[in-house]
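Topology and contacts: notes
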Amino acid sequence: MASLFERFKEGLARTRNVITEQLNVIFDRGPELDESFWQDLEETLILADFGGPATLDIVDQLEESARRLALPDANAVMERLAATIAAQFTEADPDPIDLVPVCLLFVGINGSGKTTTVGKLAKAGSDAGRKVLLGSADTFRAAAIEQLDVWAERAGVQVVKRERGADPASVSFEVVKQAELTGADLVLVDTAGRLHTSDDLMRELAKVVNVTRKRASEWKGAGGSLPVRTVLVIDSTTGQNGLSQAREFNKALDLDGVVLTKLDGTAKGGIAVAVSHELSLPILRVGIGERIDDLKPFDALDFSRALIGI
């Protein structure tokens, strides 16, 4: 079975190609650590969607290391690049998906991959021996309910749902109640996609989160309490727009983490660095393919090494 690093390396090929092409241009100019080298490195990271703040911090830290350690040339700097990138990520301590019990609310815009993420986590949790319960709080889109039913069947788990058009907050209330009755320890709630630019829709989503937390505060099931965590799902192919989404969802909901999907289909994999660095949010899982086991736990150093081709 391929290691996590090898899977990252495979999934991040398009982003890595963009970065290595630019790095090759830099090295063709020679090994000197002059002003042009630092400017070119900065441009390379910006092109891969690392974002301004993360890029400046990475380059500043490498420049400081070069001075402090008297690094001789560009090769010596590049040996430190992966570790410097990895240091920009906020760690999940603990990983909310691993909490027992836990209720996870998945939010994001339409098409980001929320339902698929919920389904894959349900299958992984069920395979690991956890008692999983799904909640279909996307009551506006019939296809979402049907899609979640398919995932529930594949994972061999139950799903709580209401008729189309029902109040999504009522679904989240009911799923926590059902989890308490059935002894579920991994509760995954799929919410409707909504634009981060719509204040009304974001307020409605905040209501879903608040209702879920209020019902969870009355938890009498195993573990003594039921933590509720809110996770944003971002389609990596959206690049810097994904960062804009994360800012608005975080402002409205105070997020606990991020799942990045479709990293294998983008040259903008640096968005993972941008989101985690700027908003101090941990990357919990990354999607690097369409197979059921292609939603992987995040490891900052393996990810960074795969990103730049080390």
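Everything discussed here concerns the structure shown above.
First things first, this report covers the structure right here in the doc. (Residues numbered from 1 in each chain as written. Predicted model: local features only at pLDDT ≥ 70, side-chain atom pairs only at ≥ 80, totals over all residues. Heavy atoms only, no water.)

Once that is clear, we can look at the nonpolar core. Counting residues in each nonpolar core, the largest one holds 73 residues, and the members touching the most others are F50, F249, L260 and F303. Of all the elements, helix 12 (residues 271–279) adds the most residues to this core, at six residues. In this structure, V102, F106, V231 and L295 belong to the second largest nonpolar core, which totals 22 residues. (Core = buried A, V, L, I, M, F, W, Y, C linked by side-chain atoms within 4.5 Å. Buried < 20%, exposed > 50% of the residue type's maximum accessible area, 1.4 Å probe, protein only. Helix = DSSP H or I, 4+ residues; strand = E, 2+ residues; numbered from the N terminus.)

To continue, consider the side chain of T261. Tracing the backbone through its elements, the reader meets T261 in strand 6 (residues 257–261). Only 2.7 Å separates the side chain of T261 from the backbone oxygen of S112, close enough to count as a polar contact. (Polar contact = N/O pair within 3.5 Å; in protein donor to acceptor, adjacent residues only side chain to side chain.)

On inspection of all chains with the given rule, the structure shows 18 salt bridges. The partner of D185 in a salt bridge is R130, with the nearest N and O atoms 3.1 Å apart. Of this pair, D185 sits in the loop between helix 9 (168–182) and strand 4 (186–191) while R130 sits in the loop between helix 7 (114–127) and strand 2 (132–137), and the two are 55 residues apart along the sequence. Taken individually, D185 and R130 each receive the classification buried, so the pair is uniform in this respect. R291 serves as the salt-bridge partner of D294, at 3.1 Å between the closest nitrogen and oxygen. (Salt bridge = Lys/Arg side-chain N within 4 Å of Asp/Glu carboxyl O.)

This paragraph deals with unusual backbone geometry. Across residues other than glycine, the phi torsion is negative in most instances, and most of the peptide bonds are trans. Note the cis peptide between D93 and P94, where omega equals 0 degrees. Along the polypeptide, P94 turns up in the loop between helix 6 (81–86) and strand 1 (102–107). In the Ramachandran plot, D49 falls in the positive-phi region, its phi being about 65 degrees despite a non-glycine side chain. Following the sequence through the fold, D49 ends up in the loop between helix 3 (35–47) and helix 4 (52–68). Relative accessible area serves as the criterion here: at 10%, D49 is assigned to the buried category. Look at K262: it is not a glycine, yet its phi comes out positive at around 60 degrees.

The next point concerns the environment of P53. As for its position among the elements, P53 is in helix 4. You can call P53 partly exposed: its relative accessible area is 41%. For the pair P53 and L260, spaced 207 residues apart in the sequence, the C-alpha separation amounts to 20 Å. The residues touching P53, leaving out its near neighbours within four places in the chain, are H277 and E278. (Contact = heavy atoms within 4.5 Å.)

Once that is clear, we can look at the pairing of strand 2. Within strand 2, six of the six residues are buried, which leaves the element mostly enclosed by the surrounding structure. Of the two faces of strand 2, both are covered, the one formed by V132, L134 and S136 as well as the one formed by L133, G135 and A137. As defined by bridge partners, strand 2 adjoins strand 3 (residues 158–160) across three bridges and the pair is classed as parallel. When the bridges of strand 3 are listed, G135 appears paired with V160. (Pairing = 2+ DSSP bridges.)

Before going further, it helps to spend a moment on helix 13 (residues 300–308). Buried within helix 13 we find D302, F303, S304, A306, L307 and I308. The secondary structure elements touched by the buried residues of helix 13 are helix 1 (4–11), helix 2 (13–28), helix 6 and helix 12. Its side-chain oxygen placed 3.3 Å from the backbone nitrogen of L301, D299 serves as the N-cap of helix 13. G309, located one to two residues past helix 13, shows a positive phi value of around 90 degrees.

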